[in-house]
Amino acid sequence: MAEMQTKLVVRGEVEAAKEFLLEDLRSLPAASQIEDVSSIASGRTGSAVRLSGILSQVKPKASAKYLTLHASRDDFHASIPLEAIADKAIVIYRLGDEPLSVKAGGPYRFFIPDHAACRVAEVDECANVKFIDVLEFTAERGHDNRPHDEAEHAALHEKEGEH
Ligand SMILES: Nc1nc2c(c(=O)[nH]1)N[C@H]1C(S)=C(S)[C@@H](COP(=O)(O)O)O[C@H]1N2
Ligand SMILES: [Mo]
């Protein structure tokens, strides 16, 4: 029997809430696929799908102003203005034919190629959420527990090193 796969749930202010498995993302149009993410993000490996490819499936409503990235695995969340990232964010979801490993932030890893440095902007490196299980579209800013200061940030990275 096939191993139980983690799904990526996309919900909130959208016309068509959906759940995606690796194969669902893989079957999105070729124009949405990035076979080798190192071509747009140096030092990163794996294959990705553009967020815009997911958006065309779920069709965010006009009321969708924020995208909240939820990672239940370690209870990490970031909420960012949709407009700022809609055209450039990607979801890294496989390495070859295999799901992206947890070690690499998988099975689904949100990534903004030209993110700002940590904590300098709403769309920063800290918003590159690993192990996302839910993408939630909202009218107002949603749950966000990114670190607020350098001490919190350092503590988070210390904790990250443990898993
Ligand atoms: N789920 C989850 N995603 C996370 C974090 C985390 O602790 N948990 N840390 C964030 C922070 S603060 C940073 S700077 C980047 C680091 O990503 P990297 O390890 O791939 O460089 O991941 C972000 N994504
Ligand atoms: Mo960060």
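As a starting point, this report considers the structure included with it. Keep in mind it's a predicted model, so treat the numbers as computed, not measured. (Residues numbered from 1 in each chain as written. Chains lettered and ligands numbered in written order. Predicted model: local features only at pLDDT ≥ 70, side-chain atom pairs only at ≥ 80, totals over all residues. Heavy atoms only, no water.)

### Topic: the sheet that holds strand β5 (residues 66–71)
In space, the five strands of this open sheet follow the order β2-β1-β10-β5-β6, with mixed pairing throughout. Each edge of the open sheet carries a strand with a single partner, namely β2 (18–20) and β6 (76–81). Strand after strand, the sheet turns through a mean of 15 degrees between neighbouring axes, direction not considered. Two strands pair when backbone bridges link them, and β5 and β6 are joined in this way by six bridges, in the antiparallel orientation. In the sheet register, Ala71 faces β6, and the bridge partner there is Phe76. With respect to the sheet, helix α2 (residues 51–58) is in contact with β1 (8–12), β2, β5 and β10 (134–138), its orientation differing from that of β2 by roughly 140 degrees. (Pairing = 2+ DSSP bridges. Helix = DSSP H or I, 4+ residues; strand = E, 2+ residues; numbered from the N terminus. Axes fitted to C-alpha atoms, helices over the stretch in contact; angles between N-to-C directions. Contact = heavy atoms within 4.5 Å.)

### Here we look at the site of ligand 1
Taken together, 16 residues surround ligand 1, and among them Arg44, Asp74, Arg109, Asn128 and Lys130 come closest. Arg109 places a polar side-chain atom, nitrogen or oxygen, 2.9 Å from an oxygen atom of ligand 1. In this structure, a nitrogen atom belonging to ligand 1 sits 2.9 Å away from a main-chain N or O atom of Asn128. For ligand 1, the protein covers 89% of the area, taking 540 Å² as the surface of the free molecule. Across the shell around ligand 1, the residue classes tally to seven nonpolar, three polar and six charged. (Near = heavy atom within 4 Å. Polar contact = N/O pair within 3.5 Å; in protein donor to acceptor, adjacent residues only side chain to side chain. Areas by Shrake-Rupley, 256 points an atom, 1.4 Å probe, with all protein chains shown as cover. Nonpolar A, V, L, I, M, F, W, Y, C, P; charged D, E, K, R; others polar.)

### Some remarks on the pattern of salt bridges
Across all of its chains, the model carries 10 salt bridges by this definition. A salt bridge links Asp124 to Arg146, with the nearest nitrogen and oxygen atoms 3.0 Å apart. Of this pair, Asp124 sits in the loop between β9 (109–111) and β10 while Arg146 sits in the loop between β10 and α4 (150–160), and the two are 22 residues apart along the sequence. We classify Asp124 as buried; its relative accessible area is 3%. (Salt bridge = Lys/Arg side-chain N within 4 Å of Asp/Glu carboxyl O. Buried < 20%, exposed > 50% of the residue type's maximum accessible area, 1.4 Å probe, protein only.)

### Section: unusual backbone geometry
Cis geometry marks the peptide bond from Gly106 to Pro107; its omega dihedral reads 10 degrees. With respect to the helices, strands and loops of the structure, Pro107 is situated in the loop between β8 (98–99) and β9. The residue Lys59 is not glycine, and still its phi comes out positive at about 50 degrees. A residue is classified by how much of its surface remains accessible, and Lys59, at 46% relative accessible area, is partly exposed. One non-glycine residue, Phe131, lies in positive phi territory at about 50 degrees.

### Some words on the side chain of Gln33
On the secondary structure map, Gln33 appears in strand β3 (residues 33–34). Engagement of the side chain of Gln33 in a polar contact is seen with the backbone oxygen of Leu28, the distance being 3.1 Å. Among the polar contacts made by the side chain of Gln33, one reaches the side chain of Tyr93 at a distance of 2.7 Å.

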